[in-house]
Amino acid sequence: MCAQDAFQTQRSQLVELLVSGSLEGFESIVDRLLSREVLSWEDYEGLSLVGQPISHLARRLLDTIWNKGAWGCEQLTAAVQEAQADSQPPELPSSWDPHSPHPARDLQSHRPAIVRRLYGHVEGVLDLTQQRGFISQYETDEIRRPIFTSSQRARRLLDLAAVKANGLAAFLLQCIQELPVPLALPFEDAACKKYMSKLRTVISAQSRFLSTYDGAENLCLEEVYTENVLEIQMEVGMAGPSQQSPTTLGLEELFSTRDHFNKEADTVLVVGEAGSGKSTLLQQLHLLWASGRAFQEFLFVFPFSCRQLQCLVKPLSVQMLLFEHCCWPDLGPQDIFQVLLDHPERILLTFDGFDEFRFRFTDGERHCCPTAPTSVQSLLFNLLQGNLLKNACKVLTSRPGAVSASLRKHVRTELSLKGFSEEGIELYLRKRHREPGVADRLLCLLRATSALHGLCHLPVFSWMVSKCHEELLLQGRGTPKTTTDMYLLILRHFLLHASPPPLATHGPGPSLIQGRLPTLLHLGHLALWGLGTCCYVFSAKQLQAAHVDSEDLSLGFLVHAKRVVPGSTAPLEFLHITFQCFFAAFYLALSADTLPSSLRHLFQGHRPGSSPLARVLPKWFLRGSRCKEGSVAALLQGAEPHNLQITGAFLAGLLSQEHRSMLAECQASETALLRRWDCVRRCLTRSLCKHFRSIPPAVPGEAKSMHALPGFLWLIRSLYEMQEERLAREAARRLNVGHLKLTFCSVGPAECAALAFVLRHLRQPVALQLDHNSVGDIGVEQLLPCLGVCKALYLRDNNISDRGICKLVEHALRCEQLQKLALFNNKLTDGCTHSMARLLACKQNFLALRFWGNQVGDEGAQALAAALGDHQSLRWLSLVGNNIGSVGAQALALMLEKNMALEELCLEENHVQDEGVCFLAKGLARNSSLKVLKLRGNTFSPEEIEKLSHQDTRLLL
């Protein structure tokens, strides 16, 4: 194959290489091609358009080079290889004629070396050329635009010299000869090396210990860190029937994926629910980098917390952000900052907790100057868009609900943090409890109590189980069932350990809480005030205003914030945002300041300030005269919706019958508790009715369908926290739909338990669609109570294994209504097909079974075929994308000879060969009911395809 043919064959890889680095890397390749006269000046001008996406420029370069033949293709390949190897251009000749008759040509032929020589001196050369009258003030300002690095400014000065006929080229030739020879890359400079060492030391110190969930102890991160399930997020509109399962990544593969939403963007977005481990994932990333074990493509890493950034009132520049709020250089700050500007591709910035940043993302205010101060929100938004530090990699973490469509436009890759797998839960507990037998006993307890096991899907709950293992194992108390149960358990644990021995001996009863009630209300008031003002870190002055004293702090629920500039006083924050919401709910349940009517703001689904107009109006204008500044109602109106949802669920749980009686023992006002319970109950009922009224009427001939609206799941969660069967029955009575769709809704095991609690009371059968969630085997177990009202169950992409399906089948044998199962893209093998065959044999009303994209082989196909030989009702069987070969095909062919009910059999993308397709063709010939047999994507010979293609029109090869 000639060089030009190979070039065309590898075009997509070349585009990927050209755009994978920075614009600086692309321009250095162009420099080499221009100096070797591979590119003409006209070619070059077409490739140096400011503002054009690098992908467009890369494709234009490849088109240009292709037209130059094999030699040009070879030269481009060599230039790319040199750039990848970081090979430095040859130095300038030791002497050259300053009176050269062709100075512009000399500048071009040595362009890569001249750009390197000008690096670090371009500002002085610009001043000199302007003073001598070679360039105008306007031209100088254009070259000095903030978006250009030093190397890019040098290139634009050389571009002017190529077209000006006023002696600029000759003057530059003389200036460049007098400049000192660069001895090494800027990274080798002593000041820069010292700064990089200091940065690693600071970040290592901040990352070594895990105290995010622990006020009483510091855990070594390396000893307990357990990887979560991290998946590449699919776009909702892309989830068609042929879509593959989401790719699962390890942390060290965070930047390796090629599944990009926007190849021009620099930001990697990691989304996950509260408590899913986003902050810990970033902390592990920082530690791996600081210790030199991973992510070494970055020379500079700057971690930031969005909850701390939003507290900055003073305008700041990029330089101030990096140096004053992360790590200050001891030597040469200006020179180091210039290195950062010139090599953004060696920088990683991480921003943790965007959902806790009170400013709404907007791309309306453009700010491009890295040295000009601006507001903190403008600075962050322009960094994420790439208007500042373009080509620097940014990682942003957030809860899903806080990410707007306008922000996603600037995201390169979106990853979803799903929490612990079952194996992850076990590994974490074994790391935390190395004493003999403790981890085994905890795991036995979890497997025996599926509700608690389901909660541990989120790492924050696994930490709680670990923290409270003595209470769970030794004291014989009932195991927690709801989220509120778990947080009350951890509350008692902290109170017990902070109590003096005489009180601690009385155990974790109501008296323990009553004894520290003033402290808990102080913390609750601080928590509520913080939610209402979007404040999540607290200064000493704010603690004093909330009457939080040292005794209150001694409980351990407030800890020092991380990522603080060395030498400064660290503010305090709650152990986790969910703890702040829990304490706010505790205050709402018990404080005398809480009017029952104010609680309606928890369940309205949005806050008054969430509209575009509201963001430019003062809060007092929005609240109206009825909401006093600082009142409970005003604070709830100011809180973020996702925090209101968590707080509302906690309040519903605290006011449940079980916990209401406990709170009544702590405080005598049982009447006030009943009023608040009644208000919450009515608010939940009204909010659910509002959702149900929004369901559109059924399409003629189809079942009435509902796609869950935002907030619906949280209302169901709140009902579950209350544990009141009467409310669940009332909600189910109003839900009059035939198809309930909850795809891409972050449904995990805890949500499955809540759904089952309500849906089991439905009066009419429903098709329940839970595709693209995190149900897992534990979630399947949680769904079993409502399986009796399901006529169809869709569980695509839910990380379900044979164990989960076998439990499902065991229960489904007693469910007359269930007629359809869709299990696309899970982790199913032959191991579950015998259970599925038993289901088919026992249920002669079953209509559809779809096993698409699993690992079912010949044994599984044989088991299913044996059960379907005389089945009277199944219409659709899909086994696409499995491991079925000719043996399995033969069994299915024999089934076709007997079965006269099946209408569609899908076997695409398996391993069926010529022998297998012959069996199937014979079976099809003896079957009159089957309408289509799909076999595309198997391994047939062209001859076999030709022979069978006209034999039966039902056979699709």
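Residues numbered from 1 in each chain as written. Predicted model: local features only at pLDDT ≥ 70, side-chain atom pairs only at ≥ 80, totals over all residues. Heavy atoms only, no water.

A.B. asks: Help me understand the overall build of the protein chain, please; the structure alone is not making it clear to me.
C.D. replies: Each helix and strand counted, the protein chain has 47 helices and 21 strands in total. Scored against the burial criterion, the 957 residues of the protein chain give a buried share of 57%. In the protein chain, the proportion of contacts linking residues at least 24 apart, taken out of those at least 6 apart, comes to 78%. Total accessible area on the protein chain stands at roughly 39,500 Å², and carbon and sulfur atoms take up 52% of it. (Helix = DSSP H or I, 4+ residues; strand = E, 2+ residues; numbered from the N terminus. Buried < 20%, exposed > 50% of the residue type's maximum accessible area, 1.4 Å probe, protein only. Contact = heavy atoms within 4.5 Å. Areas by Shrake-Rupley, 256 points an atom, 1.4 Å probe, with all protein chains shown as cover.)

A.B. asks: What is the right way to look at the sheet that holds strand β7 (residues 347-352) in this model?
C.D. replies: Adjacent strands of a sheet pair through backbone hydrogen bonds, lying either parallel or antiparallel. Taken in spatial order, the seven strands make up an open sheet running β4-β3-β9-β5-β8-β7-β6, and their pairing is mixed. The open sheet is flanked by β4 (248-249) and β6 (300-305), the only strands paired with a single partner. Of the strand pairs in this sheet, strand β3 (residues 230-232) and β4 are connected by two bridges, and their pairing is antiparallel. Each residue of the ladder has a partner; that of Leu-230, found in β4, is Leu-249. Running at roughly 155° to β7, helix α15 (residues 278-290) makes contact with β3, β5 (267-271), β6, β7, β8 (393-398) and β9 (411-417) of the sheet. (Pairing = 2+ DSSP bridges. Axes fitted to C-alpha atoms, helices over the stretch in contact; angles between N-to-C directions.)

A.B. asks: What am I meant to see in the packing of aromatic side chains here?
C.D. replies: Aromatic rings considered in pairs are described by the distance between their centres and by the relative angle of their planes. Scanning the model with the defined rule gives 32 aromatic pairs in all. Consider the rings of Phe-357 and Phe-381, whose centres lie 6.0 Å apart with planes at 80°: the pair is edge-to-face. Residue Phe-357 is found in the loop between β7 and α19 (376-385), and its partner Phe-381 is found in helix α19; the two are separated by 24 residues along the sequence. Note on accessibility: Phe-357 and Phe-381 belong to one class, buried. Measuring from ring centre to ring centre gives 6.4 Å for Trp-529 and Phe-538, while their planes differ by 45°; the resulting arrangement is tilted. Here Phe-538 falls in the buried class, since its relative accessible area comes to 1%. Over the face of the ring belonging to Trp-677 we find Arg-660, whose NZ or CZ atom lies 5.1 Å from the ring centre. (Phe/Tyr/Trp six-rings, centres within 6.5 Å; stacked < 30°, edge-to-face > 60°. Lys NZ or Arg CZ within 6 Å of the ring centre and 35° of its normal.)

A.B. asks: Could you clarify how one ought to interpret the sheet that holds strand β17 (residues 848-850) in this entry?
C.D. replies: Spatial ordering of the open sheet is given by β12-β13-β14-β15-β16-β17-β18-β19-β20-β21, a layout of ten strands whose pairing is parallel. Bordering the open sheet on either side are β12 (705-707) and β21 (955-956), each of which pairs with just one other strand. One ladder, built from four bridges, connects strand β14 (residues 766-769) with strand β15 (residues 790-794); its direction is parallel. Within β15, the residue paired with Leu-768 across the bridge is Leu-793.

A.B. asks: For this particular structure, what's the right way to read helix α8 (residues 111-118)?
C.D. replies: The periodicity of an α-helix, 3.6 residues per turn, causes residues three or four places apart in sequence to face the same way. Taken across its eight residues, α8 has eight buried, putting it largely inside the fold. For α8, every residue scored as buried is listed here: Arg-111, Pro-112, Ala-113, Ile-114, Val-115, Arg-116, Arg-117 and Leu-118. As for α8, its buried residues are in contact with α3 (23-35), α4 (41-46), α7 (103-109), α9 (122-131), α11 (150-163) and α12 (168-178). Once α8 finishes, Gly-120 follows within two positions and takes phi at roughly 90°, a positive value.

A.B. asks: Even after reading the chapter, I still don't get the pattern of salt bridges, so can you show me in this structure?
C.D. replies: Where charged atoms from two side chains of opposite charge approach closely, those side chains can pair. A complete count under the given rule lists 41 salt bridges for this structure. As a salt-bridge pair, Lys-68 and Asp-43 come within 2.8 Å of each other at their nearest N and O atoms. Here the residue Lys-68 occupies a position in the loop between α5 (54-66) and α6 (69-84), and Asp-43 occupies one in helix α4, the gap between them amounting to 25 residues. On the basis of relative accessibility, which here comes to 18%, the residue Asp-43 falls in the buried class. Taken together, the salt bridges that share partners define one network made up of Glu-27, Asp-31, Arg-111, Arg-155, Arg-156 and Asp-159. (Salt bridge = Lys/Arg side-chain N within 4 Å of Asp/Glu carboxyl O.)

A.B. asks: Whenever I open this one, unusual backbone geometry confuses me. Can you help?
C.D. replies: Residues other than glycine predominantly adopt negative phi, and peptide bonds predominantly adopt the trans conformation. Phi at His-547 takes a positive value of approximately 65°, unusual for a residue other than glycine. Counting through the fold element by element, His-547 comes out in the loop between α30 (540-545) and α31 (550-553). A relative accessible area of 57% places His-547 in the exposed class. Not every positive phi belongs to a glycine, and Asp-797 is a case in point at roughly 55°. Examined against the element boundaries, Asp-797 turns out to sit in the loop between β15 and α42 (802-812).

A.B. asks: Even after reading the chapter, I still don't get the nonpolar core, so can you show me in this structure?
C.D. replies: The nonpolar side chains of a soluble globular protein tend to be buried, and buried together. Leu-491, Met-836 and Leu-920 are the most contacted members of the largest nonpolar core, which totals 183 residues. A total of twelve residues in this core trace back to one element, the largest contributor, which is helix α32 (residues 577-590). With residues near it in sequence (within four places) discarded, Leu-920 still touches Ala-889, Leu-892, Ala-893, Leu-896, Leu-907, Val-912, Leu-933 and Leu-935. One finds Ile-336, Leu-380, Val-403 and Val-411 within the second-largest nonpolar core, a separate group that totals 77 residues. (Core = buried A, V, L, I, M, F, W, Y, C linked by side-chain atoms within 4.5 Å.)

A.B. asks: Got a minute to help me understand the pairing of β8 in this structure?
C.D. replies: In the case of a regular strand, side chains alternate between the two sheet surfaces. Burial runs high along β8: six of the six residues are buried. Going residue by residue along β8, you find Cys-393, Val-395 and Thr-397 tucked away on one face and Lys-394, Leu-396 and Ser-398 tucked away on the opposite face as well. Sheet analysis places β5 next to β8, joined by five bridges and oriented parallel. Following the sheet pairing, Val-271 is matched in β8 by Ser-398. When β7 meets β8, the two strands line up parallel, connected through four bridges.

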